[in-house]
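Observations on the model geometry
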Amino acid sequence: MLWNVVYPPTADYYYEYTECDSTGSRWRVAIPHSPGACDGLPEPVKGTECTFSCRAGQFLEMSAQECTPCAAGSYSLGSGIRFDQWDATPPGFSTSITTFAVVSCSVSDNLPVSTWVPQGSYMESNRDECAVSLIYAVHLKKQGSVTFDYQYPDNNLLFEFFIQNDQCQETDQTGVKKWLKLTNHGEWATHSVSLKSGSNVLYWRTGAVLMGSKVVKPVLLKNVQIEGVAYTSECFPCKPGTYSTEPGSDSCLPCLRDTYSGHGASSCTLCNTTTHYASEGSGECNQRPPCSKKDHFQIHTACDSEGKTQIIYKWIEPKICLEGVSGAVPLPPSGEHKPCPPCNPGFYNNNTAVCSPCQPGTYSDGTKVCKRCPAGTEPVLGYEYKWWNVLPANMKTSCFNVGNSKCDSMNGWEVAGDHIQSGAGGSDNDYLILNIHIPDCCFLQDVNRKSTTVVESWAGNKTRQLYTHIMTKNASVSYTWAFQRTNQAWDVRYKVHDVARIFSVTVSNALDGQSSECRACALSSRPSGSLCVPCPPGHYIDPRSSKCTECPPNTHLVPRTTMGADTCRPCGPGSRSSKEHSLCFSDCQFSHTDGNVTLSFDFGPMGSVGTLMNGPSFTSKGTKYFHQFNISLCGGEERMALCSDNVTDLPTSEGQGEKAEATNAVKTFICQSTIIPASGRGLHTALSSQSINLANTFLGVTVANALEGIQSRPELFSQSARKVPDVNFFYRSLEPTSSCESGRSAVVTLRCRPQMSAQGQLTVPSECPAGTCDGCTFHFLWESSGACPTCTEMDYHQIEGACRGGHQDMLYVWTEPKLCMGGVSLPEKRTLLCENMDFFIRLSASLGALTALLLVVLTCYFWKKNKRLEYKYSRLIMSANKECEMPGADSCAVMEGEENDGDMDDDVVYTKPSLLGKLKAIASKGKGDRYENVQLNSSHPKALVWS
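Because the structure is predicted, anything quoted here is derived from the model rather than measured.

**Comments concerning the overall build of the chain**
Along its length, the chain carries 4 helices and 72 strands. Out of the 947 residues in the chain, the part that is buried amounts to 39%. Intrachain contacts of the chain at a sequence separation of at least 6 include 64% that bridge at least 24 residues. Surface exposure of the chain reaches about 52700 Å², of which carbon and sulfur atoms provide 52%.

Here it is in structure tokens:
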């Protein structure tokens, strides 16, 4: 911190300003060094305005209250302060650890890794999952700014810079200002933010997201400069190893190599270079050690005029060792001259020592002269580097060190005949860089974008191996190999003989490349034309006619092949091809036939992209994170799933805002992002990072459990008891990984759930919460009403209503349980005319009931009447026997043969009443007529009658 004080020559007191009042004024007062010694002090005088400050290179002399230039050997920033020396943490800086993890964030293996560590010329961040903040508080008298340089090469580390006021409230900052952009390896980026007057607390916060054992590269910070502070009342002396020769300097310059300087120097002193040396910016001279094997390296010379090369040895520059002293190792002699390796394919030396590229339209294997391709063929363009006599023109090499400039002029890599290997460098922690630039790729144009993405990394000892990377973007691109022996800064070389070797580099399909062979091409459609023409997208070359022919419908063109109809591969079941035949996709329509039943599906209502966030999961230190999956179910390139990084993937230019496309965004069928919740790291918003592609090829849709070697696993999910089969979408990624040599694959199972919404719900297997059980095949279950088949006439039935008032209703209802969605709708209720049969039915029923009742009554009546007649007849017989002395009952019977005798004197005549008579009799029962008349006929004059 800077103190607003100055000590006069008397040293009995010093001057200081009072606090500013509401009018912006202040007073200069004298403060004694000894408390209570107030005699002889100058009277207070009115001071300068509170916003007053001197220019850079000046300080405020308090006695006269005037700006005075700094003397040689010192500097000032006027109203600013600068921190460029990091041998120790400067005063005013502090670190704070936000512990949300389970494991301690303070110490790991007895090393304080969870903190910012000073490394001389820069500060180095932590590499673990702990959220560690480097904090500096400053009070500005006026509006100002903060500027700093940083390196941020690894997106596995989160790096943010934000500002709080004295009430711990974060000032408004957009994501472009808060989250810092990634940098290329070894490149320093500058970041600047405006500051408001008053208290400002600056935070540089880092924290990794480690899903495995991958080593994270730290953030480096240097040259922190703050403008807008109060005046400076003194100049700062130059630190050792720097100097300033002119008065009024605002900075100090580093001493050159083999020179040194002390504290507050105005010039540098030369070392005795015979016995001592000094690195750039040294504060002292060091004694030269005896030369050893670690002080030299070998290189291959370029081909001479005789086509010969040899191995020679050179001292590592700058040379700091001594030859010819006790224990010194001499430089090895040069090797024998050997024939130079041949030219790379596409080049020819023309009997000279220099390999030159073949002219456009010609080819060569590197050993023969360049020839023109035959008619009807074209050269296969690309880069094929397998001989390393000189560095190719589109490759460059460099060396850099974040802490010094020892190797700035050195080659990072050296050619070695059949390979190229890392150079010696100046320190063991140097970055040795090899870069290849591909200006035009893939015969298509795209917007050139600048971004840095770590494609692959290796650590430890590795044997010779083959690595392939597929370029998926049609743009100008550069690939960089960066080799670092160790990240520790040592003064002594311990690992100088650790090397990395590259034996061959092949880049295919590059427009400005060279050719080692020719291939058949499509000819011009003009009758006399024999020139090759490029085929439009989705066309292949017919070998019989040498013409461009469009691929058949629902086929896609195999990448990087255009010859023959076989290059057009049919799309999988339930899919169709894009207009350019570049990919296959589902149009959300699918049909399945089982026996005589056909089910038709329309998955459009489910939406173009489904999102699933599963978890939470926890890293080894307890950091909570989620995996978010975005799945494109239907549609082509315009409806792909998008995963982007909202932290390290910022717009490529300021001012573009949200309209700028993210440089590292993943746009594909299925992608995955790692989400860190705001509550998990003390953040204000959730972070999305580490977006990866899980599937960029759609294989097809089917109800089967296997397609093209990819197996769905229905046993991972709860079984469905419904009659509608599950529908499986199969995907694959063409990008191999270290754990999945054939690339990743995915199966999305759609299941009919009528009770759910059309968007439904995405889940992963409970046994595999990360979505995959083997790391290569991902399984998803999407339950939705949109996964049900479309409704047809077979899914509802008719109900006939009763005929009322001559009208009858016809109703239609769904067959339960309803297992369909959309499709046909239920027909409207119909009303039909009908005959009203209610009256006749009621009349017939009434007559039938009355008739039945009458028959029952008559039956009962005649049964009772019959009983009475039997009784009367018995009484009659008994009376006749008494009065006429008639024989007994057994002698009164009519004997056989007597029924026709005419001498029968008396007859008993019974006249059966008619139905009408019976009714009259029933009606007359109430009048006392209770008996029927029975007439007894007799031959005697007087008849006997009972009534």
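Next comes the rest of the account.
**Side note on the state of the cysteines**
The final tally for this structure, using the stated rule, is 19 disulfides. With its sulfur 1.9 Å from that of its partner, Cys70 forms a disulfide with Cys235. Judged by the sign of its S-S torsion, about -85°, the cystine formed by Cys70 and Cys235 is left-handed. Placement of the pair is Cys70 in the loop between strand S6 (66-69) and strand S7 (74-75) and Cys235 in the loop between strand S17 (220-227) and strand S18 (236-237), with a sequence separation of 165 residues. Judged by its relative accessible area of 1%, Cys70 is buried.

**A closer look at the packing of aromatic side chains**
Overall, the coordinates contain 29 aromatic pairs when judged by the stated rule. Aromatic pair Phe590 and Phe601: ring centres 5.9 Å apart, planes at 35°, arrangement tilted. Placement of the pair is Phe590 in strand S50 (residues 589-594) and Phe601 in strand S51 (residues 597-602), with a sequence separation of 11 residues. Comparing Phe590 with Phe601, the two get one shared label, buried. When the centroid spacing of 6.0 Å and the interplanar angle of 85° are considered together, the rings of Tyr796 and Tyr812 count as edge-to-face.

**Here's the deal with the nonpolar core**
Grouped together as the largest cluster of nonpolar side chains are 35 residues, with contacts concentrated most on Phe603 and Phe780. For this core, the elements supplying multiple residues, two or more each, are strand S53 (624-632), strand S57 (687-695), strand S58 (697-702), strand S61 (727-732), strand S62 (745-752) and strand S64 (777-784). Tallying contributions element by element places S62 first for this core, with 4 residues. With residues up to four places along the chain from it excluded, the contact list for Phe603 reads Cys588, Phe590, Leu633, Cys634, Val727, Phe729, Leu750, Gly786 and Ala787. One finds Trp86, Val146, Ile163 and Trp204 within the second-largest nonpolar core, a separate group that totals 34 residues.

**Observations concerning the environment of Leu599**
With respect to the helices and strands, Leu599 occurs in strand S51. A C-alpha to C-alpha distance of 8.8 Å links Leu599 and Cys791, two positions 192 residues apart in sequence. Apart from the residues within four sequence positions on either side, Leu599 is in contact with Phe590, Ser591, His592, Pro725 and Pro789.

**Quick notes on the sheet that holds S64**
Spatially, the 5 strands line up as an open sheet ordered S58-S61-S62-S64-S63, and their pairing is mixed. Either end of the sheet is taken by a strand with one partner, and the two such strands are S58 and strand S63 (761-763). Neighbouring strand axes in the sheet, compared pairwise and without regard to direction, differ in orientation by 20° on average.

**Structural notes on the pattern of salt bridges**
Counted under the stated rule, the structure contains 8 salt bridges. Its salt-bridge partner being Glu124, residue Arg127 comes within 3.5 Å of it at the nearest N-O pair.

**Some remarks on the sheet that holds strand S69 (residues 830-833)**
Read across the open sheet, the 3 strands follow the order S66-S67-S69; overall the sheet is antiparallel. On the outer flanks of this sheet lie strand S66 (796-804) and S69, each paired with one strand and no other. The mean inter-strand angle of the sheet, taken between neighbouring strand axes irrespective of direction, is 25°. Looking at chain direction, S66 and strand S67 (residues 807-814) are connected through 7 bridges and run antiparallel. Within the sheet, the bridge partner assigned to Cys803 lies in S67 and is Gln808.

**Re the pairing of strand S44 (residues 539-542)**
The side chains of a regular strand alternate between the sheet's two faces. Both S44 and strand S45 (residues 547-550) contribute to a ladder of 4 bridges, which runs antiparallel. Following the sheet pairing, Asp542 is matched in S45 by Lys547.

**Some thoughts on the confidence of the model for the chain**
Overall, the prediction assigns the chain a mean pLDDT of 80, with 81% of residues at 70 or greater. Counting interchain partners and residues more than four positions distant, the pLDDT-below-50 stretch residues 649-661 has 22 contacts. The low-confidence segment residues 926-947 (pLDDT under 50) makes 40 contacts with residues lying over four places distant or belonging to another chain.

**Notes on unusual backbone geometry**
Of the consecutive residues Glu317 and Pro318, the connecting peptide bond is found in the cis state with omega at -5°. As for its placement among the helices and strands, Pro318 is situated in the loop between strand S27 (311-315) and strand S28 (338-339). A cis amide bond links Glu816 to the next residue, Pro817, at an omega of -5°. Note that Pro817 resides in the loop between S67 and strand S68 (821-823). Even without a glycine there, the phi angle at Gln65 is positive, about 50°. Locating Gln65 in the fold gives a position in the loop between strand S5 (58-61) and S6.

Quick notes on the rules
Residues numbered from 1 in each chain as written. Predicted model: local features only at pLDDT ≥ 70, side-chain atom pairs only at ≥ 80, totals over all residues. Heavy atoms only, no water. Helix = DSSP H or I, 4+ residues; strand = E, 2+ residues; numbered from the N terminus. Buried < 20%, exposed > 50% of the residue type's maximum accessible area, 1.4 Å probe, protein only. Contact = heavy atoms within 4.5 Å. Areas by Shrake-Rupley, 256 points an atom, 1.4 Å probe, with all protein chains shown as cover. Disulfide = S-S within 2.5 Å. Phe/Tyr/Trp six-rings, centres within 6.5 Å; stacked < 30°, edge-to-face > 60°. Core = buried A, V, L, I, M, F, W, Y, C linked by side-chain atoms within 4.5 Å. Pairing = 2+ DSSP bridges. Axes fitted to C-alpha atoms, helices over the stretch in contact; angles between N-to-C directions. Salt bridge = Lys/Arg side-chain N within 4 Å of Asp/Glu carboxyl O. pLDDT = per-residue confidence, 0-100.

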